[in-house]
Amino acid sequence: LIYTEKDFMNMQKKKIDYQKIMETRNASNAFANLIGLKITEISDGHCTCEMDITDDMKNPIQSVHGGVLFTIADVTGGGAAASHGFDITTVDSSFHYLRPGIGTTKLTATARELKAGRNLLVYDVSVADQNNTVLAEGIFTYMKLKEISL
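Here the structure is a predicted model, which means the values were calculated and not measured.

Visitor: Go over the overall build of the chain with me, naming the residues and quoting the values.
Guide: On a plain count of helices and strands, the chain comes out with four helices and six strands. Counted from the first residue to the last, the chain has its helices and strands arranged as α-α-α-β-β-α-β-β-β-β. Against the compact-globule benchmark of 15 Å for 150 residues, the chain has a radius of gyration of 16 Å, which places it among compact chains. Oriented by its inertia axes, the alpha-carbon framework of the chain measures out at about 55 × 25 × 20 Å.

This is how it looks when you write it as structure tokens:
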């Protein structure tokens with residue numbers, strides 16, 4: 001989809017209901033619900049997610065599984081991208097595991113907007129443990145699909 005300047009002007013006039021976006025995304029993400037991952041905050045170009053870690057989410061060395069770290073980062077970046085009022089999909093990521101999550105009981109991820117383009121949105125996402133120690137960091141790119149009807 002290619003959006004014109006007029007499309008963007010019309011979207012800017014529309015007041016975005018961040019609470020509704022958060023509620024809808026939390027209710028409709030079956031995989032996130034399965035693992036207890038919840039969006040706790042969405043605002044313009046920003047999102048925070050949290051989840052408790054169970055033994056089922058650990059690898060053989062009792063560290064948080066890398067797939068769990070990636071999942072919370074992707075959901076968080078996707079929430080920030082959706083804050084612009086669009087359904088989105090992930091098109092690219094570069095993810096770095098910085099520390100093992102041994103002894104981790106809770107994860108918090110935060111997305112910060114780097115670019116909100118016409119069709120692509122780019123976010124820096126950080127994942128930290130209960131002590132605010134950063135375990136992983138990534139850059140995620142999302143594509144706008146269609147405007148959300150709220």
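What follows continues from the structure just given.
Visitor: Which residues make up the environment of Thr76, and what values do they have?
Guide: By secondary structure assignment, the location of Thr76 is in helix α4 (residues 66–82). When its relative accessible area of 0% is taken as the criterion, Thr76 is described as buried. Remark: the alpha-carbon pair of Thr76 and Gln130, spanning 54 residues in sequence, is separated by 17 Å. Filtering out sequence-adjacent residues up to four positions away, Thr76 remains in contact with Cys47, Thr48, Cys49, Ala109, Thr110, Ala111 and Val125. At a separation of 2.6 Å, a polar atom in the side chain of Thr76 contacts the main-chain carbonyl oxygen of Ile72.

Visitor: Can you explain the sheet that holds strand β5 (residues 120–128)? Please cite residues and give values.
Guide: Strand pairing in a sheet is mediated by backbone hydrogen bonds. Such pairs are either parallel or antiparallel. Sheet architecture is open: six strands sit in the order β1-β2-β4-β5-β6-β3, paired in antiparallel fashion. Every other strand in the sheet has two partners, leaving β1 (38–43) and β3 (86–97) as the edge strands with one partner each. Across the sheet, the axes of successive neighbouring strands diverge by a mean angle of 20 degrees, strand direction being ignored. In the sheet, strand β2 (residues 46–52) pairs with strand β4 (residues 106–116) via seven bridges, with the strands oriented antiparallel. Paired with Met51 across the strands is Leu107, a residue of β4.

Visitor: Could you give an account of the nonpolar core, naming the residues involved and the relevant values?
Guide: Residues Leu37, Met51, Ile72, Leu107, Tyr123 and Val127 are the most contacted members of the largest nonpolar core, which totals 36 residues. Per element, the largest residue contribution to this core is eight residues, and it comes from α4. Beyond its immediate sequence surroundings of up to four residues, Leu37 is in contact with Ala32, Cys49, Glu50, Met51, Thr71, Ile72 and Val75.

Visitor: Which residues make up the packing of aromatic side chains, and what values do they have?
Guide: Tallied over the full model, the rule gives six aromatic pairs. Pairing Phe95 with Phe140 gives two aromatic rings, centres 5.9 Å apart and planes at 65 degrees, and the pair type is edge-to-face. Of the two residues, Phe95 is situated in strand β3 and Phe140 in strand β6 (residues 134–147); the sequence distance between them amounts to 45 residues. Classification of Phe95 by relative accessible area gives buried; the value is 15%. Taken together, the ring pairs in this structure connect Phe70, Phe95, Tyr97, Tyr123, Phe140 and Tyr142 into an aromatic cluster.

Visitor: Which residues make up the side chain of Thr71, and what are the values?
Guide: The topology assignment puts Thr71 in helix α4. For Thr71, a relative accessible area of 17% puts it in the buried group. Contact partners of Thr71, with chain neighbours within four places excluded, come to Phe31, Ile35 and Leu37.

Visitor: An account of α4 is requested, with residue identities and associated values reported.
Guide: Its 17 residues give α4 an end-to-end C-alpha distance of 24 Å, which sits within 8% of 24 Å, the value for a rise of 1.5 Å per residue. Where burial is concerned, most of α4 is hidden: 13 out of the 17 residues are buried.

Calculation rules
Residues numbered from 1 in each chain as written. Predicted model: local features only at pLDDT ≥ 70, side-chain atom pairs only at ≥ 80, totals over all residues. Heavy atoms only, no water. Helix = DSSP H or I, 4+ residues; strand = E, 2+ residues; numbered from the N terminus. Rg over C-alpha atoms; globule rule 2.2 N^0.38 Å. Buried < 20%, exposed > 50% of the residue type's maximum accessible area, 1.4 Å probe, protein only. Contact = heavy atoms within 4.5 Å. Polar contact = N/O pair within 3.5 Å; in protein donor to acceptor, adjacent residues only side chain to side chain. Pairing = 2+ DSSP bridges. Axes fitted to C-alpha atoms, helices over the stretch in contact; angles between N-to-C directions. Core = buried A, V, L, I, M, F, W, Y, C linked by side-chain atoms within 4.5 Å. Phe/Tyr/Trp six-rings, centres within 6.5 Å; stacked < 30°, edge-to-face > 60°. Expected span 1.5 Å × (residues − 1).

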